[in-house]
Structures are given as C-alpha cells and as structure tokens.
Amino acid sequence: VLLLLPPPQQRNTLSSSSSSSSPPSSSSKQDEKKRAIIDKNSAASSPPSQTPAAAAAAAAKMSTIKDAQPRSVTNKVVDGSTKKKDPTSSSPSLKNVKKTEKEQKKKKANDSKVATAKKGKRKSLEYGEIEKISREQLRDMLTVPKSSLSANNTLKAIMHDISLVGEWLHMVSPKKLFKLFKSAGSLSQDQLCAIIRALSKYVATKDPERALQALKYLAKTGRFGLNIAMVDEETEEAIQQVFDFLEKQDNLDSVQVQSIKDLYV
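Reading guide: rules and limits
- Residues numbered from 1 in each chain as written.
- Predicted model: local features only at pLDDT ≥ 70, side-chain atom pairs only at ≥ 80, totals over all residues.
- Heavy atoms only, no water.
- Helix = DSSP H or I, 4+ residues; strand = E, 2+ residues; numbered from the N terminus.
- Buried < 20%, exposed > 50% of the residue type's maximum accessible area, 1.4 Å probe, protein only.
- Contact = heavy atoms within 4.5 Å.
- Areas by Shrake-Rupley, 256 points an atom, 1.4 Å probe, with all protein chains shown as cover.
- Salt bridge = Lys/Arg side-chain N within 4 Å of Asp/Glu carboxyl O.
- Phe/Tyr/Trp six-rings, centres within 6.5 Å; stacked < 30°, edge-to-face > 60°.
- Core = buried A, V, L, I, M, F, W, Y, C linked by side-chain atoms within 4.5 Å.
- Axes fitted to C-alpha atoms, helices over the stretch in contact; angles between N-to-C directions.
- Parallel < 35°, antiparallel > 145°, perpendicular 65-115°, else oblique.
- Left-handed = near helix turned anticlockwise from the far one by under 90°.
- pLDDT = per-residue confidence, 0-100.
- Polar contact = N/O pair within 3.5 Å; in protein donor to acceptor, adjacent residues only side chain to side chain.

(A) Representation of the overall build of the protein within the structure. A tally of regular secondary structure across the protein gives 13 helices and 2 strands. When burial is assessed residue by residue, the protein has 28% of its 265 residues classed as buried. Long-range pairs, those at least 24 residues apart, make up 68% of the contacts in the protein with a sequence separation of at least 6. Carbon together with sulfur atoms contributes 55% to the accessible area of the protein, which is approximately 18600 Å² in total.

(B) Region of the structure containing the pattern of salt bridges. The tally for this structure, following the rule as stated, stands at 4 salt bridges. In this structure, the salt-bridge partner of Glu234 is Arg197, at a minimum N-O distance of 3.9 Å. Linking Glu234 in helix 12 (residues 233-247) with Arg197 in helix 9 (residues 189-203), this pair joins segments that are 37 residues apart in sequence. As a salt-bridge pair, Lys261 and Glu247 come within 3.3 Å of each other at their nearest N and O atoms. Linking Lys261 in helix 13 (residues 254-264) with Glu247 in helix 12, this pair joins segments that are 14 residues apart in sequence. Taken together, the salt bridges that share partners define one network made up of Arg197, Asp232 and Glu234.

(C) Local environment of unusual backbone geometry. Of note, the phi angle at Arg223 is positive, near 60°, even though the residue is not glycine. Tracing the sequence through the fold places Arg223 in the loop between helix 10 (208-218) and helix 11 (224-229). For Arg223, a relative accessible area of 52% puts it in the exposed group.

(D) Expanded view of the packing of aromatic side chains. Per the counting criterion, the structure on display carries 2 aromatic pairs. The structure contains a cluster of three or more aromatic residues connected by ring pairs, namely Phe224, Phe243 and Tyr264.

(E) Focus on the nonpolar core. By size, the foremost hydrophobic cluster in this structure holds 45 residues, and its most contacted members are Trp168, Leu169, Phe243 and Tyr264. For this core, the secondary-structure elements that each account for two or more residues are helix 6 (148-158), helix 7 (162-171), helix 8 (174-180), helix 9, helix 10, helix 11, helix 12 and helix 13. In terms of residue count, the dominant contributor to this core is helix 9 (8 residues). With sequence-adjacent residues up to four places away left out, Tyr264 is seen in contact with Ile196, Leu215, Lys216, Leu218, Ala219, Phe224, Ile228, Ile239 and Phe243.

(F) Geometry of the side chain of Thr154. Mapped onto the fold, Thr154 is located in helix 6. Classification of Thr154 by relative accessible area gives buried; the value is 4%. Residue contacts for Thr154: discarding those within four places in its chain leaves Met141, Leu142 and Trp168.

(G) Summary view of the packing of helix 9 against helix 10. Interhelical geometry of helix 9 versus helix 10 gives an angle of 165° and a closest axis separation of 10 Å. As judged from the angle between their axes, helix 9 and helix 10 are roughly antiparallel. Crossing handedness for the pair helix 9 and helix 10: left-handed. Counted together, Leu192, Ile195, Leu199 and Val203 of helix 9 and Pro208, Arg210, Ala211, Ala214, Leu215 and Leu218 of helix 10 form the full contact between these two elements.

(H) Local environment of the confidence of the model for the protein. For the protein, mean pLDDT is 75; residues scoring 70 or higher make up 62% of the total. Every residue in residues 17-22 scores below 50 in pLDDT, and together they form 0 contacts with partners more than four places removed in sequence or on other chains. A low-confidence stretch, residues 72-79 (pLDDT under 50), is modelled with 13 contacts involving residues beyond four sequence positions or located in other chains.

(I) Structural detail: the environment of Glu247. Of the residues examined, Glu247 reaches a relative accessible area of 38% and is grouped as partly exposed. In this structure, the C-alpha to C-alpha distance between Glu247 and Val257, residues 10 residues apart in sequence, is 6.6 Å. Setting aside residues no more than four positions away along its own chain, Glu247 makes contact with Val257, Gln258 and Lys261. Polar contacts involving the side chain of Glu247 include one to the side chain of Lys261, which spans 3.3 Å.

So, in structure tokens, the structure goes:
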C-alpha cells in the first residue's frame, strides 16, 4: 500500500500551524516572566538617553575644557623626534637677561685673570688680554712685589700706561728695584724704558730724592749697560729731562747727580 505524503513545504506549514494552534505550556510562560524581569532591571540600570540638544551642549563643554589646557609647543627634529620649545625664548626680556649674564661671566673671567696675575702664578698675560682689562683692574695689581717673577708680571701688564708705572714706583723702594732685577735678563729693555719715562714724568716732580735713588739702583741691575745703549729716542729725551730737573734741585748733591748721570748718558 503506497502512502501519499504531501510535499515538504506543505509538511512544514502544517507543523507550524499545529504548533501555533497548540496552547503555550507553563514553562514558556515562566521564561517570558523571567525575560520581562531582566529587561526591566537592565532598563533601570542604564542611564537615561540624552536629547540631541543636551548631547551638543556636552560636546561643546568638553571642547572648551580641552582648549583651556596648556599645550607645549614642539619643533620637529631631523631624526623625527620632538623637542619642547619654550614660548618665552624669543621674548626681548629673556634676551636681555642672557646678554647680562654673558657680560657678567666675561667680567668675572677678567677679574680672575687679574687676581691670578697678581698672585704671580702666571708667567705673563696672554696676548690681547691686557687690552680687555680695565685701568681700575690694572691698578688693583699694583702691589709691592715679593719676587722678580711678580714684578715682571706687573710691569708687563702696566708698562703701556706710564702713569700706572709711576704709581707702582711710588710703592716699591729704590733699593728693592735692584734686588728684584739684579739677575741678568730679569729686566728687559722695554721695561727699563717704561721705568725711566715714569721716573721723569711722574716721580721726579713729586719726590726728586726717590727718583735719583731709583736711577742709581737701576744702573746696578743685570745687563744695564746693554739695555741703556739700545733705548729709543723717547727714552733718551726722558733721561735728559729727568737729570736736567734733578740738577736744579738744591736739596740734592750735585756730585752724586752727575755721577749717576754719567751712567745713563
């Protein structure tokens, strides 16, 4: 006996209609209740939805807060990294501060050079350094030297200013000049010329006896005969002027003046 079955589509339709027509079971009702309770709890825990106007206002507030926060300016470096740039680096006040600091460092360096030369720790000031030192700083170097090296350092620093050499000669006793420069080569020709010009212009007029004694002890220094024979024309005129002035002084022994003059002329 052959059973005639409907096609598959009709079977599915019949099964679905039969299931829909059947009353729901008690388990399905309990599932629906649980699902309703879960949906209610989730709805209560979730925040209320914002209106478009409220969302726009919140976004505007966040952008304002971000703009108010300070931003560091950066410059790109060749290797791809970034480097923070100080926005005040180009301000004129900061440039003035840097310039002042640079000048203070330069002045401090010059003061250090003067102090070092004053102590006699350096053989001589380097070329070009004397021009950078002020006259007040050079005057601070005018002290009574304790050694030939210290005296040479002082003379090398001030010999371009004859008035400072005159001040130095008022501090150093004439007899000490011989002690400082008695060894050969300790007193150069240029230093001798500077001392003679200073004696003629700044010492003899104030203290003729001191000037005469200084000329006496200078004639005993090392290599004096060689140095005095090679002085320049300006120093020769200074020698003539100082002895002409000393010969006119009544309080000086004319014989002694003439004997010392013979060593120079």
